[in-house]
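Overview (structure and organization)
The residues making up each chain are set out below.
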Amino acid sequence: MEINIWVFILMIPVCLALGATAGYLIRKNLAEAKIRSAEEAAAKILLEAKKEAETKKKEALLEAKDEIHKVRTESEKENKERRNEIQRQEKRLQQKEESLDRKLENLEKKEENNKKKEQEIEQRKQKIVELQEQKIKELESISGISSQEAKDILLRTVESEVKQDAAILIKNIESQAKEEGEKRAREIVATAIQRVAADHVVETTVSVVALPNEEMKGRIIGREGRNIRTLETLTGIDLIIDDTPEAVILSGFDPVRREIARVALEKLILDGRIHPARIEETVDKARQEVEQRIWDEGEQATFDVGIHGIHAELIKLLGRLKFRTSYGQNALKHSIETAHLAGLMAAELGANVTLSKRAGLLHDLGKAVDHEVEGPHVSIGADLAKKYKESPEVVHAIAAHHGDIEVETVEAALVQAADAISAARPGARRETLEYYIKRLQKLEEIANSFEGVDKSFAIQAGREIRILVKPDKVDDITAVQFGRDIVKKIEAELEYPGQIKVVIIRETRVVNYAK
């Protein structure tokens, strides 16, 4: 039993070895079979691939041959069309050449004809010149003068006629231009006045203060006159308390001080407490109030006119014009009106509107301080404008608005005209009839006081005087100096608003009678 076991045990490895050998042989045979099968499949695939490649190669060759044939056919067709086009162009060129040849032949023929005609024309010209010379000789022999002398006579006749016609034409043009200019100027001035349409009634400086009763006069005077002395000292204005019922008259050259005195006195009358301390306090308040009014009036004037950038000191001076009058015309309203008139006329003429308005508003600036600064208001105003950096054009317009210097710009001329319009329009200024007549008489007396004056006439409300001189005593050269002497005497002896035009007329008349 044990021997069988050991035999069994020994048989196990042998069986395992045999099994492994058999398995190896089986796997080997299977692998070789798979290899052979794969090789056969690969060979089959290669064969099919070669067949397919050859088939595609043949197809590609066929396609290439077809494409080559197609390209060749198209190229042959294009070449054929090109050859046909070239042949057509050659035919057209040949036709053009033939046409040009025919034209050249025609031109050559025309040139030959033209040469023949030129020769004929030249021959005819020579014949005409010969005929003209022959006729000129015949005319010279008949008239007895040469052709050059005849030309000179004709030219002199034509020249005199042309000069006469030109002089008549120039005179007519000048006359027409003058009429048109005057008409246009009248239209511009009338339009400007109508558009401004300012009130004729203007304010005047108040110099009388109404009192509630006669007792107030004593209170204003005060004990031993201390109240009136204090008020006069602080304001620089004289108080005239006379028999005028319930009124006190304020007298002084400075309109601003007079206004301060008026405001202070009215405040004292309303308050009732009148003594030196109260007077001093009230005058200070009145001064501040008037200064504020001056600033407000000046600023309002610049706003009304539409002018900006004016120096603060010039605005104050404009405000002071509110309390300044000239023959009853308020100076500030006159300046505003002048600015509007100058601006309107500048717009009509195409001039500088802003510059005209600015110069018109500032033209009477000197009147604000003419009681404090020596000299005419024109030069004072020009100096003030220059001092506070106004433009040279504005300074010139101010200096020239009364004709003291020659006008150099259109705007200056417009300011001068606007100033005259504003002052001369009806109702703008008031003047007593007696003073007006005396001024006209004085003006004529000054003119008649010069030796050589025949007659003199004051016209245009005393703004112009026409003087007839004796021609045997005053010649043309002397008349110029004669006019200057009369102007100087008028300026020295006569007070007048604006300016006075002096016209010297010298006339020589020769009278004969046919019997």
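I will try to describe carefully the structure that is included in this document. (Residues numbered from 1 in each chain as written. Predicted model: local features only at pLDDT ≥ 70, side-chain atom pairs only at ≥ 80, totals over all residues. Heavy atoms only, no water.)

**A word on the overall build of the protein**
Helix and strand counts for the protein stand at 14 helices and eight strands. Buried residues in the protein amount to 28% of all 515 residues. Excluding contacts between residues fewer than 6 apart, the proportion of contacts in the protein whose partners are at least 24 apart in sequence is 62%. Roughly 35800 Å² of accessible area belongs to the protein as shown, and the carbon and sulfur atoms make up 54% of that amount. (Helix = DSSP H or I, 4+ residues; strand = E, 2+ residues; numbered from the N terminus. Buried < 20%, exposed > 50% of the residue type's maximum accessible area, 1.4 Å probe, protein only. Contact = heavy atoms within 4.5 Å. Areas by Shrake-Rupley, 256 points an atom, 1.4 Å probe, with all protein chains shown as cover.)

**Concerning the packing of aromatic side chains**
Taken as a whole, this structure holds one aromatic pair when the rule is applied. When the ring of phenylalanine 450 is compared with that of phenylalanine 482, the centres are 5.7 Å apart and the planes differ by 70 degrees; the resulting orientation is edge-to-face. You can see phenylalanine 450 sitting in the loop between α13 (433-448) and β6 (453-459) and its partner phenylalanine 482 sitting in helix α14 (residues 476-493), a full 32 residues away along the chain. Phenylalanine 482 matches phenylalanine 450 in its accessibility class, with the two residues each being buried. (Phe/Tyr/Trp six-rings, centres within 6.5 Å; stacked < 30°, edge-to-face > 60°.)

**Considering the sheet that holds strand β8 (residues 501-506)**
The three strands lie next to each other as β6-β7-β8, forming an open sheet whose pairing is mixed. This sheet does not close on itself; its edge strands, each paired only once, are β6 and β8. Between one strand axis and the next, the sheet turns by 20 degrees as a mean value, whatever way the strands run. Relative to strand β7 (residues 464-469), β6 is paired through six bridges, and the arrangement is antiparallel. Paired with valine 453 across the two strands is valine 469, which belongs to β7. The strands that α14 touches are β6, β7 and β8; relative to β8, the one it contacts most, it runs at about 150 degrees. (Pairing = 2+ DSSP bridges. Axes fitted to C-alpha atoms, helices over the stretch in contact; angles between N-to-C directions.)

**Some thoughts on helix α4 (residues 226-235)**
Residues Asn227, Ile228, Thr230, Leu231 and Thr235 constitute the buried set of α4. Looking straight down α4, one finds its buried side chains confined to an arc of 160 degrees; they lie on one side. Buried residues in α4 make contact with α3 (215-221), β2 (238-240), α5 (255-271) and α6 (276-305). Positioned one or two residues after α4, glycine 236 has a phi angle of 75 degrees, which is positive. (Arc of directions from axis to C-beta.)

**A word on the side chain of aspartate 364**
Here aspartate 364 shows up in the loop between α9 (353-362) and α10 (377-387). Those residues in contact with aspartate 364, other than ones at most four positions away along the chain, are Leu321, His334, Ser335, His377, His401 and Asp419.

**Overview of the pattern of salt bridges**
Applying the stated criterion across every chain yields a total of 16 salt bridges. Here glutamate 259 makes a salt bridge to arginine 262, at a shortest N to O gap of 2.5 Å. With glutamate 259 and arginine 262 both in helix α5 and three residues apart, the pair spans about one turn of that helix. You can call arginine 262 buried: its relative accessible area is 13%. Across the pair lysine 442 and glutamate 493 runs a salt bridge whose closest N-O atoms are separated by 3.8 Å. Of this pair, lysine 442 sits in helix α13 while glutamate 493 sits in helix α14, and the two are 51 residues apart along the sequence. For lysine 442, a relative accessible area of 31% gives the class partly exposed. (Salt bridge = Lys/Arg side-chain N within 4 Å of Asp/Glu carboxyl O.)

**Section: unusual backbone geometry**
Apart from glycine, the bulk of residues carry a negative phi angle, and the bulk of peptide bonds sit in the trans form. Positive phi, normally seen in glycine, also occurs at glutamate 224, with a value near 55 degrees. By secondary structure assignment, the location of glutamate 224 is in the loop between α3 and α4. Despite not being glycine, lysine 389 shows a phi value in the positive range, around 65 degrees. By secondary structure assignment, the location of lysine 389 is in the loop between α10 and α11 (392-400). On the basis of relative accessible area, lysine 389 is assigned to the exposed category, the value being 73%.

**Some words on the packing of α6 against helix α8 (residues 331-349)**
The geometry of α6 relative to α8 is characterised by a closest axis approach of 10 Å and an angle of 20 degrees between their N-to-C directions. When the axes of α6 and α8 are compared, the pair comes out roughly parallel. Two packed elements cross with a definite hand, and for α6 against α8 that hand is right-handed. Contacts between α6 and α8 involve Glu297, Ala301, Asp304 and Val305 on the former and, on the latter, Leu332, Ile336, Ala339 and His340. (Parallel < 35°, antiparallel > 145°, perpendicular 65-115°, else oblique. Left-handed = near helix turned anticlockwise from the far one by under 90°.)

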